[in-house]
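Architecture at a glance
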Amino acid sequence: MKENMLALYFNMILGTIGTILVALTALGYLVKTNDGNGYIIIFLGFIFTISYINFLEKRAGVSKKLTWVRTIASIVIFLAISYIYLS
């Protein structure tokens, strides 16, 4: 059982890193094309994707506390890196 939870946590970390990387790549493309409306679409898409991942994690049996910590950390990391990237 412990190995199963470790595998679940490892996949949670990989999924979080993956969503952040995809969002940052889309943001980098928008910076190059200078599309102002795309920023809102990327941020909303990022939030919707995290919401769906939260739903899947709840179905997998991950605690709510851990899910919220991961969600808030993802958003903060995304905003911090995108702020640095856009500066």
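Residues numbered from 1 in each chain as written. Predicted model: local features only at pLDDT ≥ 70, side-chain atom pairs only at ≥ 80, totals over all residues. Heavy atoms only, no water.

1. Overview of the packing of helix α1 (residues 2-33) against helix α3 (residues 64-86)
Two elements in contact, α1 and α3, have axes whose closest approach is 10 Å; the angle formed by their N-to-C orientations is 30°. Comparing their axes, α3 and α1 come out roughly parallel. Remark: the crossing between α1 and α3 carries right-handed chirality. Side by side, α1 and α3 meet where Y9, M12, T16, I20, A23, L24, L27, G28 and V31 of the first sit next to L66, R70, S74, I77, F78, I81, S82, Y85 and L86 of the second. Broken down by class, the residue content of the contact of α1 with α3 amounts to 13 nonpolar, four polar and one charged. (Axes fitted to C-alpha atoms, helices over the stretch in contact; angles between N-to-C directions. Helix = DSSP H or I, 4+ residues; strand = E, 2+ residues; numbered from the N terminus. Parallel < 35°, antiparallel > 145°, perpendicular 65-115°, else oblique. Left-handed = near helix turned anticlockwise from the far one by under 90°. Contact = heavy atoms within 4.5 Å. Nonpolar A, V, L, I, M, F, W, Y, C, P; charged D, E, K, R; others polar.)

2. Topic: the nonpolar core
Nonpolar side chains tend to gather and get buried jointly when the protein is soluble and globular. Judged by nonpolar contacts, I20, A23, L24, L27, L30, I42, F46, I50 and F78 together constitute the single largest core of nine residues. Broken down by element, the residue count for this core peaks at five residues, all from α1. Contacts of F46, omitting those with residues within four sequence positions, involve T19, I20, A23, S74, I75 and F78. (Core = buried A, V, L, I, M, F, W, Y, C linked by side-chain atoms within 4.5 Å. Buried < 20%, exposed > 50% of the residue type's maximum accessible area, 1.4 Å probe, protein only.)

3. Let's talk about the pattern of salt bridges
Within this structure, the stated rule accounts for one salt bridge. We note a salt bridge from R70 to E57, for which the minimum N-O separation is 3.1 Å. Linking R70 in helix α3 with E57 in helix α2 (residues 37-60), this pair joins segments that are 13 residues apart in sequence. Just as R70 is buried, E57 falls in that class too. (Salt bridge = Lys/Arg side-chain N within 4 Å of Asp/Glu carboxyl O.)

4. Some points on the packing of α2 against α3
Between α2 and α3, the least distance of the axes is 10 Å, while the angle of their chain directions is 160°. By the angle between their axes, α2 is roughly antiparallel relative to α3. Here α2 and α3 pass one another in a crossing that is right-handed. Within the contact between the two elements, α2 uses Y39, I42, F43, F46, I47, I50, I53, N54 and E57 and α3 uses T67, R70, T71, S74, I75, F78, L79 and L86. Partitioning the contact of α2 with α3 into residue classes produces 11 nonpolar, four polar and two charged.

5. Side note on the environment of S82
Along the polypeptide, S82 turns up in helix α3. Linking S82 and T25, residues 57 residues apart in sequence, is a C-alpha distance of 10.0 Å. Leave out the neighbours within four places in its chain, and S82 touches L24 and L27.

6. Thoughts on α2
Side chains of residues three or four places apart in an α-helix project in the same direction, reflecting 3.6 residues per turn. Between its terminal C-alpha atoms α2 stretches 35 Å, which fits the 34 Å expected from 24 residues at 1.5 Å a residue. Of the positions making up α2, those classed as buried are G38, I42, F46, I50, N54 and E57. At its buried positions, α2 is contacted by α1 and α3. (Expected span 1.5 Å × (residues − 1).)

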